[in-house]
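Topology and contacts: notes
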Amino acid sequence: MQAPQSTVDPSEIAKFEAMAAEWWDPEGKFKPLHMLNPCRLDYITAQIAGEFDRNLKSSDPFAGLRILDIGCGGGLLSEPMARLGATVVGADAAERNLPVARIHAEQSGLNIDYRHTTAEALAAAGEQFDVVLNMEVVEHVADPLSYLTATRQLLKPGGLEICSTINRNPKSFAVAIIGAEVVMRWLPRGTHEWSKFITPDELYDLLQQAGLTPVDRKGFVFNPISWSWSISDRDLSVNYVTASTKPL
Amino acid sequence: MDNPEHTRILQGMKNASDILIVGGGLNGPALALAMAQTGHTVTVIDALPPGAAEAEDFDGRGYALALASQRLLNQIGVWDAVSDHAQPMLEIKVTDGHAGRGPSPFFMHFDHAEIEEGPMGYMVEDRFLRRAFNAAMQDNPRITVLREARVVAQEADATGATVTLEDGETLRGRLLVGSDGRQSGTAQRAGIKRTGWDYGQTALVCAIDHEKLHGGVAHQFFMPPGPLAILPLPGNRSSIVWSERTDTAEAIHALDDEKYLQVLRPRFGDFLGDISLAGKRFTYPLNLTVANSFVGDRLALIGDAAHGMHPIAGQGLNAGLRDVAALAEVLTGATRRGEDFGSSLVLGRYQQWRRFDTAALVAATDVFNRLFSNDNPILRLGRDVGMGIVGSLPGLRRGFVREAAGLTGDLPRLMQGKQI
């Protein structure tokens with residue numbers, strides 16, 4: 001795979017390299033994301049493989065699929081998708097993330113199209129994808145329904161959207177805000193506003209209103225004994241994920 | 001090609017594989033086969049010349065493969081070539097013997113019939129294992145084996161590791177694996193330090209031909225100088241592992257064969273009839289050395305390179321194969337998720353999985369040895385009573401049998417007899 005040309009100002013590269021190293025440091029500031037990532041990837045890869053009849057044991061199983069990663073950050077999901085053979089567009093509204101993601105992809109020898117843009121802008125430009133990854137974004141947007149509608153427009157008919165977020169109940173308040181932000185300081189204070197959290201049923205409703213067909217939902221559960229995350233069929237009480245398809 | 005940069009890149013491509021393994025013993029080839037099976041390319045760098053480790057005749061070395069290890073060998077396709085030469089271990093008898101005085105009335109008896117999985121393990125001669133590994137690697141298009149190749153330098157960067165061989169050739173991999181024994185050069189070059197203990201004891205290892213049938217029973221005698229194990233090999237032959245204080249062991253090792261046997265005979269009595277030596281005799285100083293980290297930048301350590309263990313319960317190779325199974329599962333899982341399998345993120349999972357198991361095994365082996373190598377009458381009474389209790393409680397006994405078969409703990413898939 002040919003690494004893309006970096007378009008970053010050379011004087012900024014050192015700074016972005018340091019930021020990239022920080023994004024990708026498993027013990028660094030994004031530790032909670034790194035801990036959750038294998039679980040998210042297990043879910044995402046299994047759903048894509050199922051929907052598009054791909055074998056994850058073969059090489060380049062996602063060859064020919066065009067995947068959009070919304071809120072790509074440092075590229076924690078974009079890079080694995082590219083490594084599995086997909087053509088990947090990583091979009092982030094935070095401009096400073098993009099050179100970080102580009103530098104890391106270049107270091108990793110991966111070709112990923114990182115753009116400073118939003119789902120709405122991409123939809124307006126008529127971009128089309130087989131898969132939209134919409135992970136831990138919906139709880140941060142002002143108008144979830146119009147945002148989800150844009151993500152539906154980005155999908156080809158028969159396409160797949162994976163959407164994850166945080167449930168709204170006393171436990172999620174305790175775990176995601178008190179636990180993650182205040183006690184463990186995994187996330188900066190104010191990362192999440194509890195009132196913007198969405199219950200699984202509300203999300204199903206929103207996805208349907210946006211014109212998508214929800215087909216699956218699972219919980220991501222943190223086990224404080226093994227200090228690791230796992231996928232749960234039943235426990236959607238804090239972090240959870242959904243899969244939806246766009247009707248043909 | 002007149003562009004030197006281009007030539008260099010092509011050369012690099014020629015010598016590039018997913019994984020570079022330093023060490024062509026048993027764990028390295030096992031990992032190579034496991035990773036090739038899940039679609040990865042592997043280069044094994046072995047310092048020994050071709051065939052050096054494959055003795056034609058029995059050389060006296062054998063392994064007590066736990067059931068879990070046998071399953072792994074089966075999954076990676078080498079068991080069929082070994083099974084005809086393997087002796088199932090059906091029972092283990094543990095006796096608190098005392099040289100010259102005969103065993104104490106308390107002993108423990110573990111029978112594979114107490115678990116449903118089958119024999120607790122198999123005894124296999126070293127030569128058959130090596131032959132099977134080498135044949136399987138040769139047949140595998142994803143595996144390249146370099147013999148008589150010595151690594152002189154290694155370097156890690158953002159995407160992989162580069163090693164330089166003695167002849168100046170360089171090899172590239174996304175991950176470097178050190179399977180080069182307890183004095184691992186791979187670990188040393190990466191600056192990984194080791195913690196070690198010396199027991200002041202030396203193991204004497206030999207194989208014997210004996211008159212009577214062993215019936216697939218393994219014996220472990222605990223005697224004040226150190227333990228003695230009799231492990232059944234195919235036919236009327238057994239492997240003996242016996243430890244003594246180093247000065248005594250060296251004196252015994254220096255004896256001629258007949259005198260050596262005269263020392264050995266009274267230590268386990270005459271239940272196997274007359275005995276004679278089969279193959280060579282070996283000595284191994286008993287020390288314990290554990291790498292302070294099992295991983296580094298683009299680097300993982302397996303087997304003795306990670307943890308050189310006291311071979312008291314034949315757990316050295318079994319623990320190494322458990323590293324192999326765990327590492328292969330972690331790396332393959334990462335590949336299938338699209339993760340960079342040589343990243344510290346992924347290697348951390350292997351470290352987390354194996355460090356804990358190893359610490360527990362090292363501690364248990366150590367305590368076991370100290371407890372049983374002691375002639376203090378109070379300790380002796382204590383362990384006799386303890387053995388009596390374990391021996392009389394079926395649940396506890398079953399636990400020991402499962403432990404001996406390697407079926408406890410967080411068992412990797414290959415050791416459950418499943419593909420990754």
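Residues numbered from 1 in each chain as written. Chains lettered and ligands numbered in written order. Predicted model: local features only at pLDDT ≥ 70, side-chain atom pairs only at ≥ 80, totals over all residues.

So, the overall build of chain B
For clarity, the cut-off: A helix here means a DSSP run of H or I that spans at least four residues, while a strand means a run of E at least two residues long, and both kinds are numbered starting from the N terminus. The burial criterion counts other C-beta atoms lying within 10 Å of a residue's C-beta, which is placed from the backbone; the residue is buried at 20 or more, exposed at 12 or fewer, and partly exposed between these limits. Any two residues are considered in contact once their C-beta atoms, placed from the backbone, lie within 7 Å.
Summing up its helical and strand segments, chain B has 12 helices and 19 strands in all. Taking all 420 residues of chain B together, the buried fraction comes to 49%. Taking the contacts inside chain B whose residues are at least 6 apart along the sequence as the reference set, 75% of them involve residues at least 24 apart.

What about the overall build of chain A?
For the record, the criterion: Here the globule rule is a power law, 2.2 Å times the number of residues to the power 0.38, and the radius of gyration is based on C-alpha atoms.
Across its full length, chain A carries 8 helices and 8 strands. In summary, chain A has a C-alpha radius of gyration of 17 Å against a globular reference of 18 Å for 248 residues, a match within 12%. Projected onto the principal axes, the alpha-carbon positions of chain A cover approximately 50 × 45 × 35 Å. Per-residue burial for chain A yields a buried fraction of 42% across its 248 residues. Put simply, of all contacts in chain A between residues at least 6 apart along the chain, 69% involve residues at least 24 apart.

Brief notes about the sheet that holds strand S7 (residues 228-232) of chain A
Residues and elements named next belong to chain A. Just so we agree on the cut-off: Only when DSSP finds a minimum of two bridges between them are two strands counted as paired. Fitted lines through C-alpha atoms give the axes, limited to the stretch in contact for helices. The angle between two N-to-C directions lies from 0 to 180 degrees.
The strand order across the open sheet built from 8 strands is S3-S2-S1-S4-S5-S8-S6-S7, with neighbouring strands paired in mixed fashion. Strand pairing shows two members of the sheet lacking a second neighbour, strand S3 (113-115) and S7, which therefore form its edges. Going from strand to strand, the sheet's axes swing by 20° on average, the running direction of each strand aside. Against the sheet, helix H2 (residues 31-52) makes contact with strand S4 (129-135), strand S5 (155-166), strand S6 (213-223), S7 and strand S8 (239-245), and its axis sits at roughly 30° relative to S7, the strand it touches most.

With respect to the sheet that holds strand S4 (residues 86-89) of chain B
All names here are of chain B. An order of S3-S7-S4 is seen for the 3 strands of this open sheet, with the pairing classed as antiparallel. At either margin of the open sheet sits one strand with a lone partner, and together these are strand S3 (62-66) and S4. The sheet shows a mean angle of 25° between the axes of neighbouring strands, taken without regard to direction. Against the sheet, helix H3 (residues 67-75) engages S3 and strand S7 (121-125), with an angle of about 95° to S3. The sheet strands contacting helix H5 (residues 126-138) are S3 and S7, and the helix crosses S7 at an angle near 85°.

Some words on H3(B)
Among the 9 residues that make up H3(B), 8 are buried, leaving the element largely enclosed by the rest of the structure. Backbone geometry just after H3(B) places Gly77(B) at a positive phi near 85°.

With respect to the interface of chain A and chain B
In plain terms, the rule: Amino acids are sorted into nonpolar (Ala, Val, Leu, Ile, Met, Phe, Trp, Tyr, Cys and Pro), charged (Asp, Glu, Lys and Arg) and polar (every other residue, Gly among them).
Tallying the contact residues gives 16 residues for chain A and 11 residues for chain B. Put simply, the parts of the chain that give the side of chain A that touches chain B at least two residues each are H2 and helix H3 (78-83) of chain A. Here the side of chain A that touches chain B takes 5 residues from H2(A), the largest share from any one element. Its residues assigned to classes, the side of chain A that touches chain B comprises 7 nonpolar, 6 polar and 3 charged.

Let's talk about the pairing of S4(A)
Residues and elements named next belong to chain A. Quick reminder of the rule: Whether a crossover is right-handed comes down to one check: with the strands pointing away from the viewer, does the path from the first strand over the helix to the second run clockwise; if it does, it is right-handed.
Of all the 7 residues making up S4, 7 are buried; the element is thus mostly covered by neighbouring parts of the structure. In this structure, strand S1 (residues 66-70) lies alongside S4, joined through 4 bridges in parallel fashion. Residue pairing in the sheet places Ile70 in a bridge with Asn134 of S4. In terms of strand pairing, S4 meets S5 through 6 bridges, oriented parallel. Bridge pairing in S5 links Val132 to Glu161. Assessed by its sense of winding, the connection that carries the chain from S4 through helix H6 (residues 144-153) to S5 is right-handed.

What to know about H6(A)
For H6(A), the full list of buried residues reads Pro144(A), Tyr147(A), Leu148(A), Ala150(A), Thr151(A) and Arg152(A). Against the buried residues of H6(A) lie helix H5 (119-124), S4, S5 and helix H8 (200-209) of chain A.

As for the nonpolar core
To keep it simple, the criterion reads: Residues of type Ala, Val, Leu, Ile, Met, Phe, Trp, Tyr and Cys that are buried and joined through C-beta atoms within 7 Å form what is called a nonpolar core.
Membership of the largest hydrophobic core comes to 106 residues, with the highest contact counts inside it found for Leu20(B), Ile21(B), Leu31(B), Ala32(B), Val177(B), Ala300(B) and Leu327(B). With 10 residues, helix H9 (residues 315-337) of chain B is the single largest residue contributor to this core. When neighbours within four sequence positions are excluded, Ala32(B) is seen to be in contact with Ile21(B), Val42(B), Val44(B), Met137(B) and Ile143(B). Ranked by size, the runner-up nonpolar core spans 61 residues in total, among them Val100(A), Tyr114(A), Val131(A) and Ala243(A).

Some remarks on the confidence of the model for chain A
Basically, it comes down to this: As a per-residue measure, pLDDT tells how confident the predictor is, with possible values from 0 to 100.
This prediction gives chain A a mean pLDDT of 88; 92% of its residues lie at or above 70. This stretch, residues 1-8 of chain A, has a pLDDT under 50; its non-local contacts, to residues over four places away or in other chains, come to 17 contacts.

Quick notes on the packing of helix H2 (residues 27-37) of chain B against H5(B)
Residues and elements named next belong to chain B. For clarity, the cut-off: The hand of a helix crossing depends on one turn: near helix anticlockwise from the far one by less than a right angle means left-handed, and clockwise means right-handed.
Remark: H2 packs on H5, axes separated minimally by 10 Å, with the N-to-C direction vectors making an angle of 35°. Like other packed secondary-structure pairs, H2 and H5 cross with a definite hand, here left-handed. On H5, the residues touching Pro29, Ala30, Ala32 and Leu33 of H2 are Phe133, Ala136 and Met137. Tallied by class, the residues present in the contact of H2 with H5 amount to 7 nonpolar, no polar and no charged.

With respect to the environment of Gly77(B)
All names here are of chain B. Note on placement: Gly77 falls in the loop between H3 and helix H4 (79-83). Note: C-alpha distance between Gly77 and Ala30 (47 residues apart in sequence) is 9.8 Å. Among residues more than four places away in sequence, those in contact with Gly77 are Leu33 and Ala136.

Describing the environment of Asn111(A)
For Asn111(A), the location among the structural elements is in the loop between helix H4 (97-107) and S3. The sequence separation of Asn111(A) and Ala82(A) amounts to 29 residues, and the corresponding C-alpha distance is 7.3 Å.

Digging into the environment of Asp209(B)
All names here are of chain B. Relative to the assigned elements, Asp209 resides in strand S12 (residues 194-210). For Asp209, a count of 16 C-beta atoms within 10 Å translates into the label partly exposed. Sequence separation of Asp209 and Ala278 is 69 residues, and the distance between their C-alpha atoms is 5.8 Å. Those residues within four positions of Asp209 in sequence are excluded, and the remaining contacts are Asn236, Arg237, Ile275, Ser276 and Ala278.

What to know about the packing of H6(A) against H8(A)
Residue and element names in this part refer to chain A. Inclusion rule: Under this scheme an angle from 65 to 115 degrees is roughly perpendicular, one under 35 degrees roughly parallel, and one over 145 degrees roughly antiparallel; angles in between are oblique.
Two elements in contact, H6 and H8, have axes separated by 8 Å at closest approach and are oriented at 55°. In this view, H6 runs oblique relative to H8, as classed from their interaxial angle. Like other packed secondary-structure pairs, H6 and H8 cross with a definite hand, here right-handed. Together, Pro144, Leu145 and Leu148 of H6 and Leu206, Leu207 and Gln209 of H8 make up the contact between the two elements.

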